[in-house]
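What the coordinates show
Now for the letters of each chain:
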Amino acid sequence: MDFVLDNDYIPETENGDFVCKDELQQQQRLLLASVKGEWKENPLAGCGIINYVNEENPQAMIMEIKRQFKADGLNVLMITYNDSELRIDAERS
């Protein structure tokens, strides 16, 4: 179970309590957006997707996503990157 975050990464609350759900999409978004060193508990976590914005060859980005998702307990089923659109199909291992 994860704390549910809103679009500004603020924990959602309901009746004075944090909202908790199984949030696979949120886990993926956080891994993609995070840069190594941002997570005190795991300083090597994070894809740092912002670092790949102007890359012409997406292979390094795809490999980093696979590596980070695997390290976080996710099984990547498919990654596609076409015309600046990234699609990821992953599940918990």
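Residues numbered from 1 in each chain as written. Predicted model: local features only at pLDDT ≥ 70, side-chain atom pairs only at ≥ 80, totals over all residues. Heavy atoms only, no water.

1. Brief notes about the nonpolar core
With eleven residues, the main nonpolar core is built from Leu31, Leu32, Cys47, Tyr52, Met61, Ile62, Ile65, Phe69, Leu74, Ile79 and Ala90. Here this core gets four residues from one element, more than from any other, and that element is helix H2 (residues 59–71). (Core = buried A, V, L, I, M, F, W, Y, C linked by side-chain atoms within 4.5 Å. Buried < 20%, exposed > 50% of the residue type's maximum accessible area, 1.4 Å probe, protein only. Helix = DSSP H or I, 4+ residues; strand = E, 2+ residues; numbered from the N terminus.)

2. As for helix H1 (residues 24–33)
Residues Gln26, Gln27, Gln28, Leu30, Leu31 and Leu32 constitute the buried set of H1. In this structure, the buried side of H1 is in contact with strand E1 (2–3), H2, strand E5 (74–82) and strand E6 (85–92). (Contact = heavy atoms within 4.5 Å.)

3. Re the side chain of Ser34
Within the secondary structure, Ser34 is located in the loop between H1 and H2. If we ignore the near neighbours within four places in the chain, the residues touching Ser34 are Trp39, Gly46, Cys47 and Gly48.

4. Quick look at the pairing of E6
The pairing of E5 with E6 spans eight bridges and is antiparallel. When the bridges of E6 are listed, Leu74 appears paired with Arg92. In sequence, E5 turns back onto E6 through a hairpin of two residues, with Asp83 there showing a positive phi of about 50 degrees. (Pairing = 2+ DSSP bridges.)

5. Focus: the packing of aromatic side chains
Tallied over the entire structure, the rule returns one aromatic pair. Pairing Phe3 with Phe18 gives two aromatic rings, centres 5.0 Å apart and planes at 65 degrees, and the pair type is edge-to-face. With a gap of 15 residues between them, Phe3 in strand E1 and Phe18 in strand E3 (residues 17–18) connect regions that are remote in the sequence. The partly exposed category is assigned to Phe3, whose relative accessible area is 46%. Overall, the relative accessible area of 51% leaves Phe18 in the exposed class. (Phe/Tyr/Trp six-rings, centres within 6.5 Å; stacked < 30°, edge-to-face > 60°.)

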